[in-house]
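# Architecture and fold: a report
What follows is the residue order along each chain.
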Amino acid sequence: MDKILILDFGSQVAQLIARRVREAHVYCELHPYDMPIDAIRAFNPKAIILSGGPNSVYESDYQADPALFSLGVPVLGICYGMQWMAQTLGGKVESGDTREFGYAEIRARGHSKLFNGLQDRSNAEGHGLLDVWMSHGDKVTALPDGFTLIAETPSCPIAAMADEARGFYAVQFHPEVTHTKRGTDILHRFVLSIAGAAPSWTMPNYIDEAVKKIREQVGDEEVILGLSGGVDSSVAAALIHRAIGEQLTCVFVDHGLLRLNEGQMVMDMFARNLGVKVVHVDASAEFMGKLAGETDPEKKRKIIGAEFVEVFQAESKKLTNAKWLAQGTIYPDVIESAGAKTKKAHTIKSHHNVGGLPETLNLKLLEPLRELFKDEVRELGVALGLPHEMVYRHPFPGPGLGVRILGEVKAEYASLLQRADAIFIEELRNTIDEASGKSWYDLTSQAFAVFLPVKSVGVMGDGRTYEWVVALRAVVTSDFMTAHWAELPYSLLGRTSNRIINEVRGINRVVYDVSGKPPATIEWE
């Protein structure tokens, strides 16, 4: 299988480079910039991509091994990666008089293989123009020997360069972000055409490879998995079951804060339809007891996480033959936790899957999804036979409704919220947008209801009511780092509000959240 190596110089968007390469069905991995040259040779990349980064190349110790240029494979430098390539190969990099942050228009020159035939429009002289996204203060001011200019802007005369004889290309802009309109085309051109990588990274192919690897790792030993009902743990369970069957036991802990009927849905799907061995633990009373009186969001999260560990540990002790703990860790978790062996990747945040289970379990770790992005996990789930509507459900927080019930969590509040949320989701699924032909559930990235710990006056029939309020939240986003509130049709909101007030006794007012992220977050807590 052909592989692309991405060396990360500390870019906040390095993950996006990997995403774009995987979208071309080519396997890639993201490693720290100082990956030893012997390790690079052992990886045997079809090509190498050098990411951007926040430093100045002429005063930073963020330096890769120059020997990578002698491996005989194509190399693409992006932003800092371009500057490091230029300086390492004999060019010059200086601080720019004018910094570029945001939209820029570049003019392609020289009909390079990287840009040839790609343009957003042309100018009066017939030169191809591309809309790109810049984020740099330094710039290349002198080309290395053998390189030619292939793009420019008024403030950045060397916006891209190439040594086509050696397959070395570099761009000052960021092709990985969606703001660069033809960015994906540019990256795919480099990976597929220039590097000649075969697009063989597909989920059906991955299943055979992953099943073989799991069988080799586990042998005849048994595996336990904490099944949350979320996409990652569900797909991990289906994949491991495909590999080892009855050697897998899933523990599904119902904390009473799931979506309406979710516990039954999980049991139906896994135990009854897929034949997976699932231990169903109804621990809702224990969770509610521990949460009683607590209103602080972070403390609620910690209580839920700690109680999950307690319940899971108690159940795991009953499975005396289990030697492996399976988790639904995915590739963004590994990257963001700086999970590389050297620990020199740029750390964004820590991840503790399955509630941060303690080492006292004395189990070996099995993480069959740790090479996959979320969209690949979804594709894998469908390929494994999981229902499309389950695999493509909106994200759901680990603490469940515990962070969608503002203030103290009570069983009665959870019941009200479950029913209100289910009505909202049902209306989103049943309302089709005429322009796209898609349901509003598919057009939104995440949608849910929030229970507010306030009561409002209402009139129902001829009587005065004083009941609870729920807020509806729906957002549209491509990466969940920023989000826009979804402009749902008034008719949809009206039907949803009417149904909730009429069908969920105890709620007499429904509001809609029109906050973006930032300044708000997607979840309320």
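Residues numbered from 1 in each chain as written. Predicted model: local features only at pLDDT ≥ 70, side-chain atom pairs only at ≥ 80, totals over all residues. Heavy atoms only, no water.

Stated formally: UniProt positions are given in the numbering used here, feature names are shortened, and annotations may be inferred rather than shown by experiment.
Under the annotation held in an unreviewed UniProt entry, the chain carries the name GMP synthase [glutamine-hydrolyzing] and is attributed to Rivihabitans pingtungensis. According to the UniProt record, the Catalytic activity (unreviewed entry) comment for the chain reads "XMP + L-glutamine + ATP + H2O = GMP + L-glutamate + AMP + diphosphate + 2 H(+)". For the chain, the Function (unreviewed entry) comment in UniProt is given as "Catalyzes the synthesis of GMP from XMP."

### Let's talk about the sheet that holds strand β15 (residues 364-366)
Going by this rule: Paired strands, in this sense, are two strands between which DSSP finds at least two bridges. Strands are runs of DSSP state E lasting at least 2 residues, helices are runs of H or I lasting at least 4, and numbering of each runs from the N terminus. Helix axes are fitted only over the stretch in contact, all axes being lines through C-alpha atoms; the angle between N-to-C directions runs from 0 to 180 degrees. Any two residues whose heavy atoms approach within 4.5 Å at even a single point are treated as in contact.
With parallel pairing, five strands are arranged side by side in an open sheet as β13-β12-β11-β14-β15. The two strands at the open ends of the sheet, each matched to only one other strand, are β13 (277-282) and β15. On average, adjacent strands in this sheet sit at an angle of 30° to one another, irrespective of strand direction. Relative to strand β12 (residues 248-254), strand β11 (residues 222-227) is paired through five bridges, and the arrangement is parallel. Paired with Val-223 across the two strands is Leu-248, which belongs to β12. Against the sheet, helix α5 (residues 203-218) touches β11, β14 (322-326) and β15, its axis set at about 170° to β15.

### Details of the UniProt feature "active site" (unreviewed entry) in the chain
Taking the numbering used here, the UniProt-annotated feature "active site" (unreviewed entry) corresponds to Cys-79, His-174 and Glu-176. In sequence the annotated residues extend across 98 residues, while in space they remain close, none of their C-alpha pairs exceeding 11.1 Å. Structurally, the position occupied by His-174 is in the loop between β10 (168-171) and α4 (183-194). In contact with His-174, not counting residues within four places along its chain, are Val-13, Gly-52, Ile-78, Cys-79, Trp-133, Ser-135 and Thr-180. When you line up the elements, Glu-176 lands in the loop between β10 and α4. The residues touching Glu-176, leaving out its near neighbours within four places in the chain, are Val-13, Leu-16, Ile-17, Arg-20, Ile-78 and Leu-187.

### Notes on unusual backbone geometry
Phi is mostly negative for residues that are not glycine, and the peptide bonds are mostly trans. Backbone torsion omega between Lys-517 and Pro-518 reads -10°, so that peptide bond is classified as cis. If you trace the backbone, Pro-518 turns up in the segment after β19 (507-512). Residue Pro-518 is joined to Pro-519 through a cis peptide bond whose omega torsion reads 10°. Take Pro-519: it is sitting in the segment after β19. Positive phi is not limited to glycine here, since Asn-44 has a value of about 55°. Position of Asn-44 relative to the elements: it lies in the loop between α2 (37-43) and β3 (47-50).

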